Amino acid sequence: MASLGSDEWRAVCDKFSNAQNLTDVESRKDPENEPFRSKYKARELLREIYSSLKCFAAGDGEEERDGGEQRPTEQPVDGQREDVFGQGVSGDSPAGLRAAKLGAVEYYLGVNHVDTEELSAGREHLMNGTKLLERCRVSSDNVSLFIHVRNQLGILWAGLDETETAQGFLETAESIYQRYMKEDGTPPTDMTEYFTTEEKLLTHQERTKRFELAYTHTMYYLAQVYKNLGQNERAATYCHSTLQRQLKLNQFSPMEWALNAATLSQYYITKGHYMEGRHCLSAATVISGLAGEVPSEAAAQESETESERREQLRQKRADIARCWIKYCLNLLQDAKKLLEDNIGELDTDRQEELKGARRREEEEEEKGRKNALLFGSEDTFDSIASLEEKVSCLIPLDFTAARAVFLVGQNYVTQAKDYFQMDGFVTDHIEILQDHSALFRALAFFEEDLERRCKMHKRRVDMLEPICNDLNTQYYLMIRRQLMFELAESYSEMMDLKLTLANRQADTQSLDSHTIKKFNHLCSASTKFFQMFLDSLCSPEGKFPEHLEEEVLRPALVARFRVARLHNRLISSTPSDQLDNLNKSLESYKYVVQYCEAHPEAAVVVETELELSKEMVGLLPLKINRLKARMATNN
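Only a predicted model underlies this, so the values are computations on that prediction, with no experimental measurement involved.

> Residues and numbers for the pattern of salt bridges, please.
Inspection of every chain in the model, using the stated rule, returns 35 salt bridges. When the shortest N-O distance is used, the salt bridge between Glu199 and Arg10 registers 3.5 Å. Taken together, the residues Glu199 in the loop between α6 (163-183) and α7 (204-228) and Arg10 in helix α1 (residues 7-24) connect sequence positions 189 residues apart. Here Glu199 falls in the exposed class, since its relative accessible area comes to 54%. For Lys15, the salt bridge is made with Glu48, and the minimal N-O distance between the two is 2.9 Å. Taken together, the residues span a long stretch of sequence, with Lys15 in helix α1 and Glu48 in helix α2 (residues 37-59) at a distance of 33 residues. Owing to a relative accessible area of 36%, Glu48 belongs among the partly exposed residues under this scheme. One connected set of salt bridges, linked through shared partners, spans Arg441, Arg460, Glu486, Glu489, Glu493 and Arg562.

Now the structure itself:
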């Protein structure tokens, strides 16, 4: 190969520099009708470089024996022989360096063709790169190229939904990196240095940074591959490591990083790993702050770009707030599952048992923190830790602890609603309200004062009922159904609480008229919303479906069961009203039983409700007959 000081080699280096500039800088300015103009020019320069390299090799009498132009016809899973460290020519020998330089041009041509949407040609060039490297041992002179080529092939195959093929390339890149770092570890040559004059070679620090960034990309792409393969735990581990490495290398976009960390938190939350989830969200909040303040809307001369940036910052921070809401909500709901007895009330014995074990749990948390993969640098670590201290990652065991979690969640509800307003974000706004309602419901479980618990459910009704009534059924049918069902349940819970309170003060027979009126109002409101839900399932002609679709099967049968129960519980002022309510109750209980008889698959979905319905179908006729007999005697 000609020496680095020769004019011919300097010309090659200049062409490479121009090709890089065309690809990275000039291409951004290409007109819409010629979107790839600069990349096509870069491609021609790369082809000229390839020809020059072949000429240099031929002039030195060192033409490749096995034909660098040969194209592979079959696509192996990875295109990599078993041992890239122990076989082949040395990577730093003249033959090894020639192969690396030709392989690098093939790599850049491959990326160029992929960028211009010519995937087959791109794959061919990238495979040529792997073929040229096949006869070389991995060394500091070519290890970066080994990894970059496989990263690109992994991305390419993943984009074609060939996930397992992509996995093969990326896992090979990972193993090459790990073995190189174990056996050598010196800062390797960057691919750009193959075409750089000696005075422009990179520092060891810059080489290390670029190499580590290439491996970070390997981990990032592997996280996507494992997610697509359904290996969620593995995907989360790789995503976590990727985010940590991006911070360490200071190679990240603050808002993109923050959203990825917030998204990862949701995986940890669903697994009950609240310490990790909280850490991800705290880091997301701190790192999103590095994107700067949201620009003021007041500037009349604000450009379109500035306007878009302001909206993006506001939306992404609101998205992170929504992830925090889910954190608080899941923590409270998991606490309820852990502490409730078989009728959904607080199991005080279980509560005391768990409180006794809490000290040990706190010690385990501290130990876990020390072993965890923590985010942050010297600049951000304290800020992240400070934010973590504002909300617990341990399951709350009493009202005080639950309320602290609730208040954090409610604060993020306010932040999220500030951006996702009803005007423009109907679905998002309602989902946030539903989460707010669910926070109240979860907190109410811990409240011992029944009056205050009832007021919490009233807050839920007050925030959801106006929305439910105003929504257009044609466009928001599914959301309205969700709201109807939740409102029906809220009114029913309030009704049960009012009756429990009244029974503590007096016998049911001597309830005062005000209490009876209040109880019946709540009972009727619950019935109304359950019935609205059922009516929403009817055809335009008002006919209820003979066969219920799977997604509404359980809600519909539960609604009929609850309507039956509510009619039976209404306190009637006259025997004739009571008879009417009992008949309506029996009719709904019969529907549940008869539907399950006609559709046996439904019985599995509503086992408890079906059992109770059968029981009531047997008992209610006796009650109705006794009432009729009493009415006949009185007449």
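> Please provide a residue-by-residue account of helix α20 (residues 575-598), values included.
Between its first and last C-alpha, α20 extends 34 Å over 24 residues, near the 34 Å set by a 1.5 Å rise per residue. When α20 is considered as a whole, its buried residues turn out to be Leu579, Asn581, Leu582, Ser585, Leu586, Ser588, Tyr589, Tyr591, Val592, Val593, Tyr595 and Cys596. Looking at the buried side of α20, the elements it contacts are α19 (550-569) and α21 (607-634).

> Which residues make up the layout of surface pockets, and what values go with them?
Left-over empty space is what a probe sized like a water molecule reveals as it rolls over the atoms. In this structure, the largest pocket encloses a volume near 1,400 Å³. Lys336, Arg441, Glu489, Glu493 and Arg562 are, among the 38 residues lining the largest pocket, the residues nearest its centre. At the level of elements, α11 (304-339), α15 (426-444), α16 (450-470), α17 (477-505), α19 and α21 are the ones that each hand at least two residues to the lining of the largest pocket. Looking at the lining of the largest pocket, the element that brings in the most residues is α17, giving 10 residues. Classifying every residue of the lining of the largest pocket by side-chain character gives 12 nonpolar, 8 polar and 18 charged.

> Describe the nonpolar core, naming the residues involved and giving the relevant values.
Core analysis: the largest hydrophobic core is formed by 127 residues, its most contacted members being Tyr327, Leu548 and Leu557. When residues of this core are assigned to their parent elements, the largest contribution, 14 residues, is made by α11. Not counting chain neighbours up to four residues away, the residues in contact with Leu548 comprise Leu537, Leu553, Ala556, Leu557, Tyr591 and Tyr595. In this structure, Tyr107, Phe211, Ala214 and Ala223 belong to the second largest nonpolar core, which totals 54 residues.

> Run through the environment of Glu106, naming residues and quoting values.
By secondary structure assignment, the location of Glu106 is in helix α3 (residues 94-115). The exposure class assigned to Glu106 is buried, which follows from its relative accessible area of 2%. Measuring from C-alpha to C-alpha, the distance between Glu106 and Met127 comes to 8.3 Å, with 21 residues separating the pair along the chain. Polar contacts involving the side chain of Glu106 include one to the side chain of His125, which spans 2.6 Å.

> Provide a residue-level description of the confidence of the model for the chain, including the pertinent values.
This prediction gives the chain a mean pLDDT of 89; 90% of its residues lie at or above 70. Segment residues 1-5: pLDDT under 50, and 11 contacts once partners within four positions in sequence are set aside and those in other chains are kept. When the criterion is pLDDT under 50, residues 62-82 qualifies, and its contacts beyond four places in sequence or with other chains add up to 53 contacts.

> Requested: an account of the packing of α3 against helix α5 (residues 143-159), with residues and values cited.
Where α3 contacts α5, the axes come no closer than 10 Å and their chain directions differ by 25°. Relative to α5, the element α3 is oriented roughly parallel. Between α3 and α5 lies a crossing whose hand is left-handed. Here α3 contributes Ala100, Gly103, Ala104, Tyr107, Val111 and Val114 to the contact with α5, which in turn contributes Leu145, His148, Val149, Gln152 and Leu156. Of the residues contributing to the contact of α3 with α5, the split by class is 8 nonpolar, 3 polar and no charged.

> Can you explain the environment of Phe446? Please cite residues and give values.
Tracing the backbone through its elements, the reader meets Phe446 in the loop between α15 and α16. The buried category is assigned to Phe446, whose relative accessible area is 2%. In this structure the C-alpha to C-alpha distance between Phe446 and Leu339, which are 107 residues apart in sequence, comes to 9.5 Å.

Scoring rules and cut-offs
Residues numbered from 1 in each chain as written. Predicted model: local features only at pLDDT ≥ 70, side-chain atom pairs only at ≥ 80, totals over all residues. Heavy atoms only, no water. Salt bridge = Lys/Arg side-chain N within 4 Å of Asp/Glu carboxyl O. Helix = DSSP H or I, 4+ residues; strand = E, 2+ residues; numbered from the N terminus. Buried < 20%, exposed > 50% of the residue type's maximum accessible area, 1.4 Å probe, protein only. Expected span 1.5 Å × (residues − 1). Contact = heavy atoms within 4.5 Å. 1 Å grid on protein atoms, 1.4 Å probe; cavity = no way out; pocket = protein on both sides within 12 Å on 5 of 7 lines; lining within 4 Å. Points joined across faces, edges and corners; volume = space filled by probe spheres on them. Nonpolar A, V, L, I, M, F, W, Y, C, P; charged D, E, K, R; others polar. Core = buried A, V, L, I, M, F, W, Y, C linked by side-chain atoms within 4.5 Å. Polar contact = N/O pair within 3.5 Å; in protein donor to acceptor, adjacent residues only side chain to side chain. pLDDT = per-residue confidence, 0-100. Axes fitted to C-alpha atoms, helices over the stretch in contact; angles between N-to-C directions. Parallel < 35°, antiparallel > 145°, perpendicular 65-115°, else oblique. Left-handed = near helix turned anticlockwise from the far one by under 90°.

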